[in-house]
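# A look at the structure
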Amino acid sequence: MNGSNAPTPHLDATDRRLLDSLQRDASLTNHELAARAHVSPATCLRRVRRLVELGIIERRVALLSPDKLGAGLTAIVEVSLDQQSAERLAAFEARAVAEPAVQQCYRTSSGPDFVLVVYVRDMEAYHQLVQRLYTEDANVRNVKTYFSVKRAKFEPAIPVAAPTA
């Protein structure tokens with residue numbers, strides 16, 4: 001949840017079929033996607049463009065295997081800052097977001113200030129990240145890191161089933 005108060009656009013069953021199909025395989029051709037959504041290719045193209053313009057489809061990417069690309073260590077990191085002024089929070093967030101090893105960055109409440117998901121090559125690479133991101137920042141008060149021993153599920157898809165009445 002991003003905290004936006006913007007009204008949720010109306011999505012009908014066709015929009016939901018398109019979104020579900022694209023989340024599972026964004027490489028589908030327009031014709032393949034249209035067939036899965038049970039619409040014409042022209043309607044499919046128009047609908048997908050609308051979903052992009054509304055910001056519902058943020059971007060289309062390929063999901064890569066961290067293990068096969070040498071990022072063998074996954075860490076979930078809780079970061080608490082010493083001072084939580086808006087400027088200090090924004091400064092740490094900007095540094096975390098700019099760090100290539102940080103795959104996800106969440107500003108949280110009722111606990112640590114941030115939770116990060118980090119992919120690095122090995123423990124030495126993690127140690128270098130610690131030096132760059134946490135140790136050199138005098139405002140970082142506490143860091144708690146959990147190292148993943150097994151990824152049981154990774155599903156970036158958001159359920160788009162029709163809401164029940």
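Above this text you will find the structure in question.
None of these values were measured; they are calculated from a predicted model. (Residues numbered from 1 in each chain as written. Predicted model: local features only at pLDDT ≥ 70, side-chain atom pairs only at ≥ 80, totals over all residues. Heavy atoms only, no water.)

### What to know about the overall build of the chain
From N to C terminus, the chain includes five helices and four strands. Reading the chain from its N terminus to its C terminus gives the helix and strand order α-α-α-β-α-β-β-α-β. Relative to the 2.2 N^0.38 estimate, which gives 15 Å for 165 residues, the radius of gyration of the chain is 20 Å and therefore markedly larger than a compact globule would have. Across its three principal directions, the C-alpha atoms of the chain cover 55 × 40 × 25 Å. Relative to its full complement of 165 residues, the chain shows a buried share of 30%. Pairs at least 24 residues apart make up 63% of the contacts formed inside the chain by residues separated by at least 6 positions. For the chain, the distance from the average position of its 21 positive side-chain charges to the average position of its 19 negative side-chain charges is 7 Å. (Helix = DSSP H or I, 4+ residues; strand = E, 2+ residues; numbered from the N terminus. Rg over C-alpha atoms; globule rule 2.2 N^0.38 Å. Buried < 20%, exposed > 50% of the residue type's maximum accessible area, 1.4 Å probe, protein only. Contact = heavy atoms within 4.5 Å. Lys, Arg positive; Asp, Glu negative; His and termini not counted. Charge placed at Lys NZ, Arg CZ, Asp CG, Glu CD.)

### Things to note about the pairing of strand S1 (residues 73-81)
Of all nine residues making up S1, seven are buried, and the element is well covered by its neighbours. In this structure, S1 lies alongside strand S4 (residues 140-147), joined through seven bridges in antiparallel fashion. The residue of S4 that forms the bridge with Ile76 is Tyr146. (Pairing = 2+ DSSP bridges.)

### Focus on the packing of aromatic side chains
Scanning all chains against the criterion turns up two aromatic pairs. Consider the rings of Tyr126 and Phe147, whose centres lie 5.3 Å apart with planes at 85°: the pair is edge-to-face. You can see Tyr126 sitting in helix H5 (residues 123-135) and its partner Phe147 sitting in strand S4, a full 21 residues away along the chain. The exposure class of Tyr126 is buried, given its relative accessible area of 6%. Using a relative accessible area of 36% as the deciding quantity, one classes Phe147 as partly exposed. (Phe/Tyr/Trp six-rings, centres within 6.5 Å; stacked < 30°, edge-to-face > 60°.)

### Description of the environment of Val102
With respect to the element layout, Val102 can be found in strand S2 (residues 102-107). Here Val102 falls in the buried class, since its relative accessible area comes to 10%. C-alpha of Val102 to C-alpha of Leu116: the two residues are 14 residues apart in sequence and 6.6 Å apart in space. In this view, Val102 contacts Ala96, Leu116, Val117, Val118 and Leu133; residues no more than four positions away in its chain are not counted.

### A closer look at helix H1 (residues 13-24)
Taking 1.5 Å per residue, twelve residues should reach 16 Å; H1 reaches 17 Å between its end C-alpha atoms and fits that length. When H1 is considered as a whole, its buried residues turn out to be Thr14, Asp15, Arg16, Leu18, Leu19, Ser21 and Leu22. In this fold, the buried residues of H1 make contact with helix H2 (30-37) and helix H3 (41-53). (Expected span 1.5 Å × (residues − 1).)

### Concerning the sheet that holds S4
Read from one edge to the other, the open sheet built from four strands follows the order S2-S3-S1-S4, with strand pairing classed as antiparallel. With one partner strand each, in any of the chains shown, S2 and S4 form the two edges of the open sheet. On average, each strand axis in the sheet is tilted by 20° relative to the strand beside it, whichever way the strands run. The sheet strands contacting helix H4 (residues 86-98) are S1, S2, strand S3 (114-120) and S4, and the helix crosses S2 at an angle near 165°. (Axes fitted to C-alpha atoms, helices over the stretch in contact; angles between N-to-C directions.)

None of the figures reported here should be taken as evidence of function without further support.
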